Amino acid sequence: MAQLLFRRGSESLFRIVLQSSATKIGRSAACDIVLGDAEISREHAVLYKIEGHYLLKKIGQSSLTVNGKEVESQSLKEGDEIGLGPWTARFSEGVAEDLAEEATAVTGAGASVTQAVAKGPKGLWVRELRLQVLEPSKAPRSLPFRAESLSVGASDKNDLVLQDSFVSSRHLKLTYRDGAVRVFDLGSTNGTYVNGVKVKEAELEEGQVLKLGQCELRLVGEEKLESAAPKTIERFCGMVGASVEMRELYGLLERVAPTEAGVLILGESGTGKELVARAIHGLSPRARGPLVAINCGAISPELIESELFGHEKGAFTGALRQHDGAFGQAKGGTLFLDEIGELPLELQPKLLRVLENRRYRRVGGEEELNADVRIVAATHRDLAAAVREGRFREDLFFRLFVMPMYLPPLRDRREDLPLLCEQFLREFSAAAPKRLGAEALDKLKQHDFPGNIRELRNVLLRAVILAKGETLKAEDIAFPQEFGGGRGVALETLEEMERRLVLKALTAAAWNKAKAAEALGVAKSTLFAKIKLYDLEEPREGS
C-alpha cells in the first residue's frame, strides 16, 4: 500500500496512506488532502490509482513538479518527490498494513494555517446537490435535490411548497439530467429570475440564485462520504460470490448505479465485466431504456465510427440507408463500450467530444444530435500504460476515469468457487444437477484460472458432458493448459461441448424433447433451435 510523506522545508509533518482510487490535493475543503497555503491552487493535483500504478495529474494553475521538473502528468515510482508550492511529498509504494489502519497524523507548522485532511476509504465520496431556500419571515432551510424533476409553487401539490403570495400555484419546475440542472417557468404571473435575469428556460449552475416572488433558491453542491459497506449477500444482479471483494463491489454498485456518473470497469478477461454493466443499467433510472453494448475491439477500424455514431444514406459506398449507430440506439438508456482500450487512436478525440458536449453527428451528416446516454466503459488493458505509450489519449482517459470499478480475478477470490460451481452445475442440468466431489473442488482451488470465470464455466461444462456418474471427480476436471503436446485429445470448442450436452440430454430422455428441455433447464423453443443449429437427428429404429 502506497503513502505520501509531506514536508515543509526539512521538517516531516505528516503521512497520508493512499487507499482511494483517486486522491485530490488542494486548498479547497472539498479536496481529499487540504493544504491551506496561498501558493496552493484550490484544486492543485489529483493522484489516481490504476491497477496498482499511481498517476499524478495537474488540475490547477499553480506549479506542480516531480523531482524538480515541471509536469502536467507523471507516473510515480518509489522515492519520487512531488513539489506543491512550499510543500514536498515523497511517494513510497510500501507501508505496513497495521499503519494503514491508524489515523493520519496531522501537525501544524508554527503559526501557519496549513492543515491536512485525509478522507477515509471506507465509503464513497459523492457530490450532493442541495437547494438552499429563503422565504419571507421563515428560517432558511436546505433540502437535498435528488429527483429527476422537482415542482415548485404555492400549491401543496408541489414537491417544494413556498408560502408567498407572489408565487404562483405552479410556478416552476427543476429537472436534473445528465449532470445538468435546468429551470422551466410554468407560466407564472410574476416570472422566474436567475441572477436577476428573467427566464422561461435556463440551465442553473451551482451558486446561482433563483428568485420567484419574494423567495430565493440557491443551488449548492456538497461533498459527503456515503457508506459503501460490503453487502451481506451471496448473489447480486446475476453475479455470484460471497468474498469480501465481491460484497464490496455489490455495495458500490448499489450506490453508484442510481446516479448518472460514468463508470469504467477494470478487470481481466473473463471476470464478468458485462454483468457489472448490466447491473449498473438495471439499477439506474434508465433501466426502462435500452442497454446497447458495442465491443470496440471486435469491429474493423473502417466501420467503428459508423457503428458508434451512425451514418447517413450515401455517406460511403454500401451505405444504402440511414443507420442510427450505438449512440442513437441507446437513446434514453445506457451505452456499454466494451474493450474501450482497443478504440482506434484517431477516433478517440471524437468520442471525447461527445462525452464533453453530449452532441454528435452521424457520418456524412450535418445535423447535431443529442447524446442522451449514460456511458459505461470496460477494458482489460492497463490504460495508464497505454497513455504513457501514446496509444490512448490522456484527456479521454481522465474523462472516463470518473468512477472506476475493479473486478477481482478468480484466483484472488477462490472462496467463491463452491458458489460458482453450484450455480453452473444447476445451469447445465436444471432437473438433476450433478454434484462436485471434494477432490474435484480441491483441484479447482489449486488452479490459477487465467481465463477466470469464463474458463471455470467451460471446464465444468466439459466435465458434465464427459462424466459418467452423478458426482464430478478430480479426473473429470481438465484445464485447457493440460491439452496439446500429445497429452490427450484436442481441446473442444464451446459449440462442440454444447452440441454433445444437448445430444446427451436428448438420448437420456429417449428424444422426448419436453423432458430434454426440462433437464437442460431451457425452453422447448431453445432446444428446437439447438437441434436445428447442430443438425441433430433422432436415430431410426434398428439403426
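What comes next concerns the included structure. (Residues numbered from 1 in each chain as written. Predicted model: local features only at pLDDT ≥ 70, side-chain atom pairs only at ≥ 80, totals over all residues. Heavy atoms only, no water.)

A short note on the pairing of strand S10 (residues 81-84)
The side chains of a regular strand alternate between both faces of the sheet. Sheet analysis places strand S7 (residues 65-66) next to S10, joined by two bridges and oriented antiparallel. By the bridge assignment, Thr65 is partnered in S10 with Gly83. Bridging between S10 and strand S11 (residues 87-92) involves four bridges; their strand directions are antiparallel. In the strand pairing of S11, Glu81 is matched with Arg90. Between S10 and the antiparallel strand that follows it, S11, lie two residues; Gly85 among them carries a positive phi value of about 60°. (Pairing = 2+ DSSP bridges. Helix = DSSP H or I, 4+ residues; strand = E, 2+ residues; numbered from the N terminus.)

Quick look at the pattern of salt bridges
Taken as a whole, this structure holds 27 salt bridges when the rule is applied. A salt bridge links Arg235 to Glu234; the nearest nitrogen and oxygen atoms lie 3.9 Å apart. The exposure class assigned to Arg235 is partly exposed, which follows from its relative accessible area of 35%. Lys350 is the partner of Glu305 in a salt bridge, and the nearest nitrogen-oxygen pair spans 2.7 Å. Pair noted here: Glu305 is in helix H4 (residues 304-309) and Lys350 is in helix H6 (residues 348-357), with a separation of 45 residues, a long-range link. When salt bridges with common partners are traced through the structure, they connect Arg7, Glu81 and Arg90 into a single cluster. (Salt bridge = Lys/Arg side-chain N within 4 Å of Asp/Glu carboxyl O. Buried < 20%, exposed > 50% of the residue type's maximum accessible area, 1.4 Å probe, protein only.)

Examining the side chain of Ser243
If you trace the backbone, Ser243 turns up in the loop between strand S24 (239-240) and helix H2 (244-256). When near neighbours in sequence (up to four residues on either side) are disregarded, Ser243 contacts Arg413, Glu415 and Asp416. (Contact = heavy atoms within 4.5 Å.)

Here's the deal with the nonpolar core
With 40 residues, the main nonpolar core has Leu308, Phe327, Leu335, Leu337, Ile340, Phe392 and Phe397 as its most contacted residues. When residues of this core are sorted by domain, at least three fall in each of domain 1 (2-93) and domain 3 (235-406). Dropping the residues within four chain positions of it, Phe397 is found in contact with Ile50, Leu55, Leu383, Ala384, Val387 and Phe392. With 39 residues, the next largest nonpolar core counts Phe424, Leu425, Val464 and Ala505 among its residues. (Core = buried A, V, L, I, M, F, W, Y, C linked by side-chain atoms within 4.5 Å. Domains from an automatic or database assignment.)

Considerations on the sheet that holds strand S25 (residues 263-266)
Taken together, five strands build an open sheet; the order of strands is S26-S27-S30-S25-S31 and the sheet is parallel. Of all strands in the sheet, those with a lone pairing partner are strand S26 (291-295) and strand S31 (404-406), marking the two edges. In this sheet, adjacent strand axes meet at a mean angle of 20° when their direction is disregarded. Bridge analysis of S25 against strand S30 (residues 374-379) gives four bridges, and the strand direction is parallel. Its bridge partner being in S30, Leu266 is matched across the sheet by Thr379. Packed on one face of the sheet, H2 meets S25, S30 and S31 and runs near 155° to S31. (Axes fitted to C-alpha atoms, helices over the stretch in contact; angles between N-to-C directions.)

Points about the packing of helix H9 (residues 417-428) against helix H10 (residues 438-445)
At a minimum axis separation of 11 Å, H9 and H10 run at an interaxial angle of 115°. Relative to H10, the crossing made by H9 is right-handed. For the pair H9 and H10, contact is made by Leu417, Pro418 and Cys421 and by Leu441, Leu444 and Lys445, respectively. A class-by-class count of the residues in the contact of H9 with H10 yields five nonpolar, no polar and one charged. (Left-handed = near helix turned anticlockwise from the far one by under 90°. Nonpolar A, V, L, I, M, F, W, Y, C, P; charged D, E, K, R; others polar.)

Some remarks on H10
What H10 keeps buried is the set Ala440, Leu441 and Leu444. Viewed along the axis of H10, the buried residues span an arc of 100°, placing them on a single side of the element. For H10, the exposed residues set more than 90 degrees away from the buried face come down to Ala438 and Glu439. Here the buried face of H10 lies against H9, strand S32 (435-436), helix H11 (452-466) and strand S33 (471-472). (Arc of directions from axis to C-beta.)

Focus: the packing of helix H13 (residues 513-520) against helix H14 (residues 524-533)
Packing of H13 against H14 brings their axes to within 9 Å, and their N-to-C directions diverge by 100°. Between H13 and H14, the angle falls in the class roughly perpendicular. Judged by residue contacts, Lys513, Ala514, Ala516, Ala517 and Leu520 of H13 engage Lys524, Leu527, Phe528 and Ile531 from H14. Residues belonging to the contact of H13 with H14 are distributed by class as follows: seven nonpolar, no polar and two charged. (Parallel < 35°, antiparallel > 145°, perpendicular 65-115°, else oblique.)

Some words on the packing of aromatic side chains
Counted under the stated rule, the structure contains nine aromatic pairs. The interplanar angle of 25° and the centroid separation of 5.2 Å between the aromatic rings of Phe236 and Tyr250 together place this pair among those described as stacked. Taken together, the residues span a long stretch of sequence, with Phe236 in strand S23 (residues 235-236) and Tyr250 in helix H2 at a distance of 14 residues. Take Phe236 and Tyr250: they sit in the same class, and that class is buried. Grouping aromatic residues by their ring pairs yields a cluster made of Phe309, Phe327 and Tyr360. The cationic tip of Lys173 hangs over the ring face of Phe184; the distance from NZ or CZ to the ring centre is 5.8 Å. (Phe/Tyr/Trp six-rings, centres within 6.5 Å; stacked < 30°, edge-to-face > 60°. Lys NZ or Arg CZ within 6 Å of the ring centre and 35° of its normal.)

What to know about the environment of Arg362
Of note, Arg362 is situated in the loop between strand S28 (359-360) and strand S29 (369-370). Looking at Arg362, the relative accessible area reads 13%, which means it is buried. Residues in contact with Arg362, not counting those within four places in the same chain, are Phe309, Gly310, His311, Glu312, Gln322, His323, Asp324 and Leu369. Side chain to side chain, Arg362 and Glu312 meet in a polar contact 3.3 Å long. (Polar contact = N/O pair within 3.5 Å; in protein donor to acceptor, adjacent residues only side chain to side chain.)

These results come straight from atomic positions and should not be treated as a statement about function.
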